[in-house]
Amino acid sequence: MIKKISDFLRTAFPFLAVLVLWHLSVPFWNPGGILALIPIFYYSFINPVPWFVPYAAVFCFLIDYKFDTLLFWTFIYCMFYAANGFQNFVDLTRQKNEGVMVFMAYFGAASLLLVLLGWNFIGLFRAIWLVLWLSTLYIPFAALAQRIKK
């Protein structure tokens, strides 16, 4: 019985992590539920989970809705997913440090594009803050995900 509950929670963790992080939206620490991009990225590219991609796309759309961006994060996610699927040179599942550098490049490039689309200094500082904040939180999340996987 305990084994079945443990297996269920291990299987449900990626989905629940996205749901909880998206729902805990706070203007400074988690604007628009943007922290949900951490498990979305991790479980889509670094440690793929079956049936997670459609769920992740829906939550990228919900992040867009809360963040007040018109399909921006959904487009970036789908574009990165397609680029990852078409290439065979880089295997994201075998990256060092659970892919933290790839996540930083993914989120940093998307944030830079978002700043360039609506240029102002407040947006630039906010983007820098979010890149640093999400990159810092990615490391303990990846460690937790590895621990839950075992």
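Preceding this paragraph is the structure being described.
Residues numbered from 1 in each chain as written. Predicted model: local features only at pLDDT ≥ 70, side-chain atom pairs only at ≥ 80, totals over all residues. Heavy atoms only, no water.

### Looking at helix H6 (residues 121-149)
Formally: Only runs of H or I of at least four residues qualify as helices and only runs of E of at least two qualify as strands under DSSP, and these elements are numbered from the N terminus. By definition here, a helix of n residues has an expected span of 1.5 Å times n minus one. Bend at a residue means the angle formed by two fitted axes: the first through the 7 residues ending at that position, the second through the 7 residues beginning there. Each residue gets one of three labels from its accessible area relative to the maximum for its type: buried under 20%, exposed over 50%, partly exposed in between, using a 1.4 Å probe on protein chains only. By definition in these notes, contact holds between two residues if any of their heavy atoms fall within 4.5 Å.
With 29 residues, H6 extends 41 Å from end C-alpha to end C-alpha; this agrees with the ideal 42 Å at 1.5 Å per step. Along H6, the helix axis deviates most sharply at Tyr-138, where the bend reaches about 25°; the proline Pro-140 sits within four residues downstream. What H6 keeps buried is the set Ala-127, Leu-130, Val-131, Leu-134, Ser-135, Tyr-138, Phe-141, Ala-142 and Ala-145. Tucked inside the fold, the buried residues of H6 contact helix H1 (2-23), helix H2 (37-46), helix H3 (52-67) and helix H5 (100-117).

### Details of the packing of H2 against H5
Each pair of packed helices can be described by the angle between their axes along with the distance between the axes. Put simply, the test is: In this analysis an axis means a line fitted to C-alpha atoms, helices contributing only their contacting stretch, and an angle means the value between N-to-C directions, from 0 to 180 degrees. Orientation labels follow simple angle bins: below 35 degrees gives roughly parallel, above 145 gives roughly antiparallel, 65 to 115 gives roughly perpendicular, and whatever is left gives oblique. Here is the rule for handedness: rotate from the far helix to the near one, and if that takes an anticlockwise turn smaller than a right angle the crossing is left-handed, while a clockwise turn gives right-handed. Only Asp, Glu, Lys and Arg are considered charged, only Ala, Val, Leu, Ile, Met, Phe, Trp, Tyr, Cys and Pro nonpolar, and every remaining residue, Gly among them, polar.
Interhelical geometry of H2 versus H5 gives an angle of 125° and a closest axis separation of 11 Å. In terms of axis orientation, H2 runs oblique to H5. The two elements H2 and H5 meet at a crossing, and its hand is right-handed. Of the residues in H5, those in contact with Leu-37, Ile-38 and Phe-41 of H2 are Val-102, Phe-103, Tyr-106 and Phe-107. Of the residues in the contact of H2 with H5, the class split is 7 nonpolar, no polar and no charged.

### Brief notes about a nonpolar patch on the surface
To be explicit about the condition: Patches draw on residues past 30% relative accessible area with no salt bridge. Two like charges within 9 Å are joined, as are two nonpolar side chains (Val, Leu, Ile, Met, Phe, Trp, Tyr) within 5 Å. Here the open area of atoms and residues is found with the Shrake-Rupley method and a 1.4 Å probe, where only the protein chains shown may cover a residue. Between Lys or Arg on one side and Asp or Glu on the other, a salt bridge is scored when a side-chain nitrogen of the former is within 4 Å of a carboxyl oxygen of the latter.
On the surface, a cluster of nonpolar side chains totalling about 800 Å² of accessible area is made up of Leu-112, Leu-116, Trp-119, Phe-121, Phe-125, Ile-128 and Leu-132. Looking at the nonpolar patch, the elements with two or more residues in it are H5 and H6. Summarising the element assignment, Phe-121 is placed in helix H6.

### Observations regarding the pattern of salt bridges
This structure, assessed with the given rule, holds 2 salt bridges. A salt bridge links Lys-3 to Asp-7, with the shortest nitrogen-to-oxygen separation between them at 3.6 Å. Of this pair, Lys-3 and Asp-7 are both found in helix H1, 4 residues apart, which corresponds to roughly one turn of the helix. Asp-7 sits in the partly exposed class, given a relative accessible area of 30%. One salt bridge connects Arg-10 with Asp-7, and the closest N-O pair in it is separated by 3.1 Å. Taken together, the residues Arg-10 and Asp-7, both in helix H1 and 3 residues apart, mark about one turn of the helix. Exposure remark for Arg-10: the relative accessible area of 31% places this residue in the partly exposed category. Linked by salt bridges that have partners in common, Lys-3, Asp-7 and Arg-10 make up one network.

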